[in-house]
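# Structure at a glance
Here is how the chains run, residue by residue.
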Amino acid sequence: MSCPNCFAGHINPSTPTGHVTTLHGLDVYIAEPPENTEPKGIIVIIPDAFGWEFVNNRILADHYAQRGGFRVLLPDFMKGTAAPVYMLDAVRGVMATGSLWDWVVKPYANPLSHCFISTILVYTQRAVPRVTCHPSFLSVPGDIEKLVVPVSFALAELDSVLKGESIGVVKRVVEEKEEVGGEVRVYPRAGHGFCVRADTAVPDSSRQAEEAEEQAIAFFQRVFGRRT
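Structural notes, computed from the coordinates. This is a predicted model, so every value here is computed, not measured.

On the basis of which strands lie adjacent, the open sheet formed by four strands has the order β1-β2-β4-β3 and mixed pairing. The open sheet has two free edges, formed respectively by β1 (19-23) and β3 (42-44), since each of these has just one partner strand. With direction set aside, neighbouring strand axes in the sheet form an average angle of 30°. For strand β2 (residues 26-31) and strand β4 (residues 71-75), the ladder comprises four bridges, and the chain directions are antiparallel. Among the inter-strand pairings, Ala 31 is bridged to a residue of β4, identified as Val 72. Across the sheet, helix α1 (residues 55-68) is in contact with β1, β2 and β4; its angle to β2 comes to roughly 45°.

So this is what it looks like as structure tokens:
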């Protein structure tokens, strides 16, 4: 089951610049690299619980495309079952209540569970490098020991899902699997969801989200560079 922080956060006030089309039967948002630039590669984003239409996910795709020089695809893998954006405010209200009864009687406190996608990203055996941010539903150390392709982890020090001791284990196992070429970065004072739903009005929160973007872009540039 997803945690409340999977449905908490802030909405990015920016406007997406990509376009929407259909690929392989799925609606998909596509962000392109700067004009007259040949894409360095293709990145596919598997979104958080709020899905492919959530503005934050589309802005993230735009940033990867413009700053990294990639073509970025953000498909509707959830096929219309993404969490509604109003849950961002609803969960803040739930988290502010003081009793279990408040959780039970509020209808919006029953979250949709989509965080399992992080687990799929980590141990799928296909040889495709990937980035995973504040992942959920990992079996530690088992899932990490299965890594056979490079994975870049952006982890939150104060994550309510993947907690401190497990973060340390992930870091240790990835470092021990040096031949695979993965990496782990832990962001101090960051919480679950910070890579996508950071408050852009809060300097530290916004800065960490930007640093996580830079981590992902640098990682993809490095692994794509090995293939050229």
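Continuing now.
A word on the environment of Thr 132. Tracing the backbone shows Thr 132 in strand β5 (residues 130-133). The buried category is assigned to Thr 132, whose relative accessible area is 2%.

Let's shift gears to empty space enclosed by the protein. Scanning the model with the defined rule gives one cavity of 30 Å³ or more in all. Of the volumes computed, that of the largest cavity is approximately 40 Å³. As for the largest cavity, its lining consists of Leu 147, Val 149, Pro 150, Val 151, Val 174, Lys 177, Val 180, Gly 181 and Gly 182. When grouped by side-chain class, the residues that make up the lining of the largest cavity number six nonpolar, two polar and one charged.

β4 sits mainly inside the fold: four of its five residues count as buried. Two strands pair when backbone bridges link them, and β3 and β4 are joined in this way by three bridges, in the parallel orientation. In the strand pairing of β4, Ile 43 is matched with Val 72. For the segment spanning β3, α1 and β4, crossover handedness is right-handed.

Turning next to the sheet that holds strand β7 (residues 183-187). Spatial ordering of the open sheet is given by β5-β6-β7, a layout of three strands whose pairing is parallel. Looking at strand neighbours, the two that pair on one side only are β5 and β7, the edges of this open sheet. Neighbour-to-neighbour, the strand axes of this sheet turn through a mean angle of 15°, independent of strand direction.

Looking now at the nonpolar core. Formed by 35 residues in total, the largest nonpolar core has its most connected members in Ile 43, Ile 45, Tyr 64, Phe 70, Val 72, Phe 194 and Phe 220. Mapped by element, the contributors of at least two residues to this core are β2, α1, β4, α2 (87-95), β6 (151-156), α7 (194-197) and α8 (203-225). Counting contributing residues, this core receives three or more from each of domain 1 (1-117) and domain 2 (119-227). Not counting chain neighbours up to four residues away, the residues in contact with Val 72 comprise Tyr 29, Ile 30, Ala 31, Ile 43, Ile 45, Ala 61, Tyr 64 and Ala 65. Listed in part, the 14 residues of the second largest apolar core include Leu 138, Leu 147, Val 151 and Val 169.

Inspection of the secondary structure puts Gly 68 in helix α1. Judged by relative accessible area, which is 1%, Gly 68 ranks as buried. Expressed as a C-alpha distance, the spacing of Gly 68 and Ala 218, which sit 150 residues apart in the sequence, is 7.8 Å. Setting aside anything within four residues of it in sequence, one finds Gly 68 in contact with Lys 40, His 63, Ile 217 and Gln 221.

With that out of the way, let us pick up unusual backbone geometry. Omega for the peptide link from Val 140 to Pro 141 comes to 10°, which places this bond in the cis form. You can see Pro 141 is positioned in the loop between β5 and α5 (142-145). Here His 24, not a glycine, exhibits a phi torsion of approximately 50°, which is positive. Judged by its relative accessible area of 85%, His 24 falls in the exposed class.

Conventions used here
Residues numbered from 1 in each chain as written. Predicted model: local features only at pLDDT ≥ 70, side-chain atom pairs only at ≥ 80, totals over all residues. Heavy atoms only, no water. Pairing = 2+ DSSP bridges. Helix = DSSP H or I, 4+ residues; strand = E, 2+ residues; numbered from the N terminus. Axes fitted to C-alpha atoms, helices over the stretch in contact; angles between N-to-C directions. Contact = heavy atoms within 4.5 Å. Buried < 20%, exposed > 50% of the residue type's maximum accessible area, 1.4 Å probe, protein only. 1 Å grid on protein atoms, 1.4 Å probe; cavity = no way out; pocket = protein on both sides within 12 Å on 5 of 7 lines; lining within 4 Å. Points joined across faces, edges and corners; volume = space filled by probe spheres on them. Nonpolar A, V, L, I, M, F, W, Y, C, P; charged D, E, K, R; others polar. Right-handed = clockwise from strand over helix to strand, strands pointing away. Core = buried A, V, L, I, M, F, W, Y, C linked by side-chain atoms within 4.5 Å. Domains from an automatic or database assignment.

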